[in-house]
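What the coordinates show
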There are 4 protein chains.
Amino acid sequence: MKGLKVSVIGGGSSYTPELIDGFIKRVHELPIREIHLLDIEEGENKLEIVGELARRMIKKAGLSTKIISSLDRREAIRGSDFIMTQFRVGGLKARARDERIPLKYNVIGQETTGPGGFAKAMRTIPVIMDICRDIEELAPNSWVINFTNPAGLITEAILKHTKVKAIGLCNVPIGMVKMAADILGVDSSRIKVDFAGLNHLVWGRKVYLDGENVTDRIIDKLLDGASLTMKNIPDLKWDKDFLKSLNMIPCPYHRYYYMTDELLSEEIEAANSEKGTRAEQVQRLEKELFEVYKNPNLDEKPKQLEKRGGAYYSDAAVSLISAIYNDKKEMHIVNVRNNGTIKGLSDDAVVEVNCIIDRTGAYPINIGKLWSGIDGLTSVVKAYEELAIEAGLTGDYNKALQALVTHPLVPSVKIAKQLLDDIIRENIKYLPQFKS
Amino acid sequence: MKGLKVSVIGGGSSYTPELIDGFIKRVHELPIREIHLLDIEEGENKLEIVGELARRMIKKAGLSTKIISSLDRREAIRGSDFIMTQFRVGGLKARARDERIPLKYNVIGQETTGPGGFAKAMRTIPVIMDICRDIEELAPNSWVINFTNPAGLITEAILKHTKVKAIGLCNVPIGMVKMAADILGVDSSRIKVDFAGLNHLVWGRKVYLDGENVTDRIIDKLLDGASLTMKNIPDLKWDKDFLKSLNMIPCPYHRYYYMTDELLSEEIEAANSEKGTRAEQVQRLEKELFEVYKNPNLDEKPKQLEKRGGAYYSDAAVSLISAIYNDKKEMHIVNVRNNGTIKGLSDDAVVEVNCIIDRTGAYPINIGKLWSGIDGLTSVVKAYEELAIEAGLTGDYNKALQALVTHPLVPSVKIAKQLLDDIIRENIKYLPQFKS
Amino acid sequence: MKGLKVSVIGGGSSYTPELIDGFIKRVHELPIREIHLLDIEEGENKLEIVGELARRMIKKAGLSTKIISSLDRREAIRGSDFIMTQFRVGGLKARARDERIPLKYNVIGQETTGPGGFAKAMRTIPVIMDICRDIEELAPNSWVINFTNPAGLITEAILKHTKVKAIGLCNVPIGMVKMAADILGVDSSRIKVDFAGLNHLVWGRKVYLDGENVTDRIIDKLLDGASLTMKNIPDLKWDKDFLKSLNMIPCPYHRYYYMTDELLSEEIEAANSEKGTRAEQVQRLEKELFEVYKNPNLDEKPKQLEKRGGAYYSDAAVSLISAIYNDKKEMHIVNVRNNGTIKGLSDDAVVEVNCIIDRTGAYPINIGKLWSGIDGLTSVVKAYEELAIEAGLTGDYNKALQALVTHPLVPSVKIAKQLLDDIIRENIKYLPQFKS
Amino acid sequence: MKGLKVSVIGGGSSYTPELIDGFIKRVHELPIREIHLLDIEEGENKLEIVGELARRMIKKAGLSTKIISSLDRREAIRGSDFIMTQFRVGGLKARARDERIPLKYNVIGQETTGPGGFAKAMRTIPVIMDICRDIEELAPNSWVINFTNPAGLITEAILKHTKVKAIGLCNVPIGMVKMAADILGVDSSRIKVDFAGLNHLVWGRKVYLDGENVTDRIIDKLLDGASLTMKNIPDLKWDKDFLKSLNMIPCPYHRYYYMTDELLSEEIEAANSEKGTRAEQVQRLEKELFEVYKNPNLDEKPKQLEKRGGAYYSDAAVSLISAIYNDKKEMHIVNVRNNGTIKGLSDDAVVEVNCIIDRTGAYPINIGKLWSGIDGLTSVVKAYEELAIEAGLTGDYNKALQALVTHPLVPSVKIAKQLLDDIIRENIKYLPQFKS
């Protein structure tokens, strides 16, 4: 038995120790022979630090898994069983620009939502397409677990335009399950949530505890102050009438749509203060983290990593890989081809829904027509995503403009154009498709 | 041969002379025996003025059509062949409130679009339901031509919740055809436009002159300064890149979505000036008009009516009635049950599309999936309409809140609640369903 | 903890000992307080024999479950947690007629497929509707596990026309899984089959062993002589080219469609011989079985029951009940509302597909458009079922005629009429809806 | 003004004089410069006879239209405005085989329906694909009016696999309209029929006279003996209960499905008598016709042509061409891409429905879900067509077998195989795709 090869595209990320920790914990069900951490030249230093830490962690766990860190993408991909994509084109500096450009126009500046997410998508699509060409050639049977944001949009681009077997994954749904469990004080295995929507725009339509519908109890607790958010999103309280009438659990990112003005004020305030935007905070955090990682005595995932915001990231990823490898027929919430699951969206749209995972892939549980209260927002954001994918692939200014105009957080054509021009200008280094 | 009975619900409207003029012009194809102008007590004075003018017009034309003006709804409806609904619950005063309330929150204040249209819908639904019950009883075979705004939403409420045979009609599409003809300097009978969308949210996807696609020429002319708007919507110029990339003809009301900030500024400025909101301007205009109407020597449609904004209203209505009565199998752009015409929208959603009209009704020409650039906005506005209809029928505060939250012109839950509370409070007299 | 009440409508069936055996085996996960065996007057004798045997079996197992046998339907239903419907209106005598009438016209005579199944549906629908009215009143939260054939059609009638929570169940899919396991010599828990279709018209589209696609191996073995059939269907071999080109596993009942002439010959021969039709064989078998059941020393499921044809019936039913009760989130193949699972069929059509079962019901895994090779037959049989349900509810001769004309096994309108007239005449006692 | 070029692929057909007659009658609205009659070497003699007759007809009409008859396909196609395809691969001899092979197995033997139509499709698809490649190159803007049978299936093959602008046309719907007019004794311009279905499987769902629903009257007349059939289909009377319960007008070809056994008997009897199959009768008729055509004094469409069976063929074709050329926005019943018109069928399926014709093409009027009574048969025949197209393109034996198994007139897999083997063997000269 030769064991599995896992490659991590963007392996120099500060999240990697979390992932290594996850693999170590599941060693009894996932016989991993080799973990190949791949990064690009600009990230070589970080990659080395992380690689060394990973090796110390593996050693401490008494395992023989080989940790390779390299800049050779084709070698990383060749023969992989699982490929995890968690890279960030342009790094945190580009993210900081993504956050700041929209603020100039009084528009939400966020990494994955709105114009910030659009800019990130434009930078990412050319790179992911290149990677997928390599995968088609060098590891055509591998499973790609795509974490690269905007994860739903990027997964849709992969599934529409390559032959790669990809599943999009995000820690938001698993986070919502865990927090529902916390709220009720029970183990998360007893909780089932019926999710429906898109990545970073997913609603928990019903929450069950041991098969009993407890959605009302969760809503009451949320209104009472229980928290269901992410590190990177201000924890503003939900309006009572709204949440009661919605009668579902919004995801943390919904705040950008439902509390647009409040969040915009917070963002502007932070950006104008010493705190800076989220990317700027994270840059400082990362610096500290890598200092910690460098410590040659550190041989486990450090506590400080929790502040970074990727809670359950490792859990979601490693348990998904295990469900595939072990043919578990287990429910996971992932991003897959719609194929009629949500009525009204295109068959080839990617949606974030409850799926059964086995060795042959992810099978969505049928949903049907969404309730109008969430169908409208889902449809318009999906329309934006479809246009953004086309723009990202072709570098067509017109498609890009239509994408931004369609986005519900962009208030007018005039602002859409200003945003687009700024985004192209400030990212031109990463936008070969827009160059000609 | 006994001739047709046409009843006009809201017959005291300043538009009525336009309609009478239309019937007179088509007398050779529409043998009308009786026109019953119906209004409510508050409108009795106007009704009498309009009724007298109508009688003088008929007399001048040498016709024997009987003009009845009354407050007796059941008599007006009984045995009608065609029933035209053009009433405005609460009159122009309510409209002025619809326009001013949103402006308090920096939200577009417009009669049919956004929160203003929502308020109008809430006032109208209980009344139209009552009317339809009478029609079901007293004129079950009649055709209802619904002009009452928001015309698409109200038509959907009728088709979903009554057995009345209704077709929703608006002068926007015919206006767009006529203006395309003007731009090209040709007769409008040579123009065909492929429309798709919702009432007051309809795109001319392609314009043909004698079967040749001239969309590009129209777009160039529009960018060159040609005008395609309504009296009630500021004639802001379209952005060149946007219009070229859209490659369709937006309807005048699209400006509220595509030029939100510019129109909001204009509205606020007008509201704060002597000019006032559109309703306030129209109130003055109406006053003048009725003075003109009173003149016992006036026996034709007065010139001043053109300023009122209902261009082609009579043309659209009378030619539609004639197409039905004469089984013309002619193309008209009307509001009908979707039934799969636009893929992705519900079967029972009402859409504004090209239809073939004959004696048995309106048959939409198939469209399929809309291009993402217009699919998203169409879907989200339709979702709003579906929620608004439910709210209007039930008086359910939660549904009403969700409707406003879903509307793309309402920026957040907080503002949605403020708007909703203001709307209910200021309209409570007309909102029996919200009273309990 | 008070335990569950299970009622069995048609409790006097010879299958009941199988069911009791199943409950005994799962006692550790299903705490059953009471099993209420219900039958009608004509079945009283059998009911008593079965009831006594059931009591002896429970006693031998050392359990305290109460076995009640009665003719009081309302008492049986009242407060049940699970209600199993396994009755046969008119008994085996009616089934014999269902089998013989079509043979007169050289048409397949089968209990659930073709005109025989149609006759059975006509007799069953009025009775199941009555039962459901009682359930709505006396056990509104119960789960109905419908085994009554034609199981898909009857389940669709229930779901369309009552508020009862019903799941249709058949032993064919579980039988196909078990036989695939036998063919490969592995435990059936390692097999997953992707099913799609309708009850008694379900295809195993792909067979997986531990997540590996082994469809080809199963097909080769079937062509080599491995058997995948039911006791009641002659085990004719599949044509090699056909099975290879189908590349799916047909269910045993597909032989009626794919080998129509061969099976018809066999049926005619059997009917004209001493062997008789299947119902006639079963009548003899049942006689023997009840003689065995009467033996006061018998306190377990007798071997002879295996010949009866209901293999895995108990397994399918009891494991489904346990999956619901224990909120297992486990995959079962059941009959549920389509709701977009199979593209092209109506939302309210009932389909037989892989579902995830938990305490709140059965959730189908999305399928999408079927391959044309199976889509056509599925669509036409479903159209027949929809018409048959309408006919069964209303007693409308025209609908009934259209149903038979639509059925692919009925060769012409002329024969459809002859069949229909014979069926109504010979079943008139059980067809109150057709009487007037 | 240079006038139009029309080419006729299969120009040596005995139908051509009908077509020439039609063009002469519409000369005021269709300025045709050149009619290019194309045929293949085997048809050279007929082509010359028909060409000469056409020239005499044009001369008599005093027109200057140039009639070219040639064997040069590329010349015929080059620069055409309209291309009419009315060829028959293998001629009437192949048709005779198509009719006789099925009869060996007691299966309907018919030119376009069932296995006969399948054989014809297999011979036609390679040829039409070649023609379309030429059209893509030499007349990319031309309109192809496809009459080649099976017309719906062939049109679907063209639209799915080429870039050619094709509309499928059949004289059945226009024939049904004309006969409804005859039955009522009115001009056919006053009749509208709502058609839905597939080519040679189309139902007149409602018949209107001046907009009044007269379906019941037509049905009564049909039951009274009025005839609505084609020359090539025996005029068997409809069953009263069936037609009343169908409440639609079946097309003549429906007899093959609804009266299978009666028509089969007739066919077998004819085939075994001197009369022979329809192809054999037509062969004699054609011989006579060409003798008549040869007469150098004949300069108009001869009476005898009426027996040939193509009533309204010219009318349907020339009026369709005129509707396109003159941008008429007129209703025609043609074969077009479904695109959601009939719910449940694939978007790219070709359906026969009411369309509005203008210079830019054929636009179907939306239909929605068909009533189950016709939905089932439509779906299963369409599934057969989809498989047959794949088989015809690829020569895949498996696809071909699945196509025949799926066809409702083929009773079993065994017979399907025998049919397929016979069809391939006897047509191998025309089936290059099946050769390897």
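Because the structure is a prediction, the values reported are computed rather than measured.

**Section: the overall build of chain A**
When you go through chain A residue by residue, the secondary structure sums to 16 helices and 14 strands. Rg of the C-alpha trace for chain A: 21 Å, near the compact-globule value of 22 Å for 436 residues, within the 12% margin. Structurally, chain A occupies a C-alpha span of about 55 × 55 × 45 Å along its principal axes. Out of the 436 residues belonging to chain A, those deemed buried represent 65%. For chain A, contacts bridging at least 24 residues in sequence account for 70% of all contacts bridging at least 6. A total accessible area of about 15,500 Å² is found for chain A, and carbon and sulfur atoms account for 48% of it. With 60 positive and 60 negative side-chain charges, chain A shows a separation of 2 Å between the mean positions of the two kinds.

**Details of the interface of chain A and chain B**
Contact with chain A, which involves 37 residues of that partner, is made by 37 residues of chain B. The junction of chain A with chain B conceals about 3,000 Å² of combined surface from both sides, 54% of it contributed by carbon and sulfur atoms. When the buried surface of chain A facing chain B is broken down by residue, Ser372, Gln402 and Val413 of chain A rank first, second and third, together holding 17% of it. Scanning the region where chain A abuts chain B turns up 4 salt bridges. Across the pair Lys417 of chain B and Asp241 of chain A runs a salt bridge whose closest N-O atoms are separated by 2.8 Å. Taken together, chain A and chain B are joined by 18 residue pairs in polar contact (both at pLDDT 80 or more). Going through the elements one at a time, α9 (240–246), α10 (255–258), α11 (260–272), α14 (372–394), α15 (397–406) and α16 (413–427) of chain A are the ones with two or more residues in the side of chain A that touches chain B. At 9 residues, α14 of chain A tops the list of elements feeding residues into the side of chain A that touches chain B. Residues that form the side of chain A that touches chain B fall into these classes: 17 nonpolar, 12 polar and 8 charged.

**A word on the relation of the copies chain D and chain C**
Overlay of chain D on chain C (RMSD 0.0 Å): rotation 180 degrees, translation along the axis 0.0 Å. Taken together, the turn and the small shift mark the pair as related by a two-fold rotation axis. For chain D, the residue whose C-alpha comes nearest the rotation axis is Gly344 of chain D, separated from it by 1.9 Å.

**Examining the sheet that holds strand β9 (residues 212–213) of chain D**
Residues and elements named next belong to chain D. Read across the sheet, 3 strands follow the order β7-β8-β9 without closing on themselves; strand pairing throughout is antiparallel. Two strands close off the open sheet at either side, each with one partner strand: β7 (191–198) and β9. One ladder, built from 8 bridges, connects β7 with strand β8 (residues 201–209); its direction is antiparallel. Bridging across to β8, Lys192 finds its partner in Tyr208. Its contacts with the sheet put helix α14 (residues 372–394) on β7 and β8, and the angle it makes with β8 is roughly 140 degrees.

**Re the interface of chain D and chain C**
Across the contact, 37 residues belong to chain D and 38 residues belong to chain C. Both faces considered, chain D and chain C share a buried interface measuring about 3,000 Å² in area, 54% of it formed by carbon and sulfur atoms. It is Ser372, Gln402 and Val413 of chain D that lose the most area in chain D upon contact with chain C, and together they represent 17% of the buried surface on that side. Counting the contacts that link chain D with chain C gives 4 salt bridges. In this structure, Asp239 of chain D and Lys417 of chain C form a salt bridge, with 3.0 Å as the shortest nitrogen-oxygen distance. Elements with a minimum of two residues in the side of chain D that touches chain C: α9 (240–246), α10 (255–258), α11 (260–272), α14, α15 (397–406) and α16 (413–427) of chain D. In terms of residue class, the side of chain D that touches chain C is made up of 17 nonpolar, 12 polar and 8 charged.

**Overview of the side chain of Glu111 of chain C**
Residues and elements named next belong to chain C. Secondary-structure assignment places Glu111 in the loop between α4 (91–104) and α5 (114–138). Among the polar contacts made by the side chain of Glu111, one reaches the side chain of Arg88 at a distance of 2.5 Å. With near-sequence residues (within four places) excluded, Glu111 lies in contact with Arg88, Arg95, Glu99, Gly116, Gly117, Lys120 and Asn232.

**Quick notes on the arrangement of the chains**
If you take every C-alpha in chain B and every C-alpha in chain C, the smallest gap between them is 12 Å, and the two do not touch. Chain A makes no contact with chain D; the smallest distance between any of their C-alpha atoms is 12 Å.

**With respect to the packing of helix α7 (residues 171–184) of chain D against helix α8 (residues 215–223) of chain D**
Residues and elements named next belong to chain D. Two elements in contact, α7 and α8, have axes separated by 10 Å at closest approach and are oriented at 80 degrees. If you check the angle between α7 and α8, you find them roughly perpendicular. Taking contact as the criterion, the partners of Ala180, Ile183 and Leu184 in α7 are, on α8, Arg217, Ile218, Lys221 and Leu222. Per-class residue counts for the contact of α7 with α8 are 5 nonpolar, no polar and 2 charged.

**Quick notes on the relation of the copies chain A and chain B**
Least-squares fitting of chain A to chain B yields an RMSD of 0.0 Å, with the superposition described by an axial translation of 0.0 Å and a rotation of 180 degrees. A shared binding surface is used by both copies, with 100% of the interface residues of chain A retained as interface residues in chain B.

**Here's the deal with the sheet that holds strand β8 (residues 201–209) of chain A**
Residues and elements named next belong to chain A. Taken in spatial order, the 3 strands of this open sheet run β7-β8-β9, and their pairing is antiparallel. Looking at which strands have only one partner, the edges of the open sheet turn out to be β7 (191–198) and β9 (212–213). α14 rests against β7 and β8 of the sheet, and its axis sits at about 140 degrees to β8.

**A closer look at the environment of Ala391 of chain B**
Residue and element names in this part refer to chain B. The topology assignment puts Ala391 in helix α14 (residues 372–394). You can call Ala391 buried: its relative accessible area is 0%. A C-alpha to C-alpha distance of 16 Å links Ala391 and Asp422, two positions 31 residues apart in sequence. Apart from residues no more than four positions distant in its own chain, Ala391 is found in contact with Met122, Asp396, Lys399, Ala400, Gln433 and Phe434.

**Overview of the environment of Glu156 of chain A**
All names here are of chain A. With respect to the element layout, Glu156 can be found in helix α6 (residues 151–161). Looking at Glu156, the relative accessible area reads 0%, which means it is buried. Counting along the chain gives 230 residues from Glu156 to Glu386, while the straight-line C-alpha distance between them is 8.4 Å. The contact partners of Glu156, leaving out residues within four places of it in the chain, are Asp348, Ala349, Val350, Lys382, Glu385, Glu386 and Ile389. Among the polar contacts made by the side chain of Glu156, one reaches the side chain of Lys382 at a distance of 2.5 Å.

**Focus: unusual backbone geometry**
The bulk of non-glycine residues show a negative phi, and the bulk of peptide bonds are trans. At the junction of Asn149 of chain C and Pro150 of chain C, the peptide bond is cis and its omega measures out at -10 degrees in the coordinates. Relative to the helices and strands, Pro150 of chain C resides in the loop between β5 (143–146) and α6 (151–161). For Asn339 of chain B, which is not a glycine, the phi torsion comes out positive at approximately 50 degrees. By the element assignment, Asn339 of chain B lies in the loop between β10 (330–337) and β11 (350–358). Using a relative accessible area of 22% as the deciding quantity, one classes Asn339 of chain B as partly exposed. In this model, Asp327 of chain D sits at a positive phi of 55 degrees, which is unusual for a non-glycine residue. Relative to the helices and strands, Asp327 of chain D resides in the loop between α13 (313–325) and β10 (330–337). A relative accessible area of 11% means that Asp327 of chain D is categorised as buried.

**Some words on the pairing of strand β6 (residues 165–168) of chain B**
Residues and elements named next belong to chain B. As paired strands, strand β5 (residues 143–146) and β6 are joined by 4 bridges and run parallel to one another. Residue Trp143 lies in a different strand from β6, and its bridge partner there is Lys165. In this region the chain leaves β5, passes through helix α6 (residues 151–161) and returns to the parallel neighbour β6; the handedness of that crossover is right-handed.

**Observations regarding the packing of aromatic side chains**
According to the stated counting rule, one finds 28 aromatic pairs over all chains in the structure shown. For the pair Tyr15 of chain C and Tyr313 of chain C, a centre-to-centre distance of 5.3 Å together with 40 degrees between the ring planes defines the contact as tilted. You can see Tyr15 of chain C sitting in the loop between β1 (4–9) and α1 (16–25) and its partner Tyr313 of chain C sitting in helix α13 (residues 313–325), a full 298 residues away along the chain. Taken together, the aromatic side chains of Tyr15, Phe147 and Tyr313 of chain A make up a single cluster linked through ring pairs. Against the face of Tyr363 of chain D rests Lys192 of chain B, its NZ or CZ located 4.4 Å from the ring centre.

**Overview of the confidence of the model for chain A**
When pLDDT is averaged along chain A, the result is 95, and 98% of the positions lie at 70 or above. Predicted complex metrics record ipTM = 0.94 and pTM = 0.95.

Analysis parameters
Residues numbered from 1 in each chain as written. Chains lettered and ligands numbered in written order. Predicted model: local features only at pLDDT ≥ 70, side-chain atom pairs only at ≥ 80, totals over all residues. Heavy atoms only, no water. Helix = DSSP H or I, 4+ residues; strand = E, 2+ residues; numbered from the N terminus. Rg over C-alpha atoms; globule rule 2.2 N^0.38 Å. Buried < 20%, exposed > 50% of the residue type's maximum accessible area, 1.4 Å probe, protein only. Contact = heavy atoms within 4.5 Å. Areas by Shrake-Rupley, 256 points an atom, 1.4 Å probe, with all protein chains shown as cover. Lys, Arg positive; Asp, Glu negative; His and termini not counted. Charge placed at Lys NZ, Arg CZ, Asp CG, Glu CD. Buried area = accessible area lost by both parts, 1.4 Å probe. Salt bridge = Lys/Arg side-chain N within 4 Å of Asp/Glu carboxyl O. Polar contact = N/O pair within 3.5 Å; in protein donor to acceptor, adjacent residues only side chain to side chain. Nonpolar A, V, L, I, M, F, W, Y, C, P; charged D, E, K, R; others polar. Least-squares fit on C-alpha atoms with pLDDT ≥ 70 in both. Pairing = 2+ DSSP bridges. Axes fitted to C-alpha atoms, helices over the stretch in contact; angles between N-to-C directions. Parallel < 35°, antiparallel > 145°, perpendicular 65-115°, else oblique. Right-handed = clockwise from strand over helix to strand, strands pointing away. Phe/Tyr/Trp six-rings, centres within 6.5 Å; stacked < 30°, edge-to-face > 60°. Lys NZ or Arg CZ within 6 Å of the ring centre and 35° of its normal. pLDDT = per-residue confidence, 0-100.

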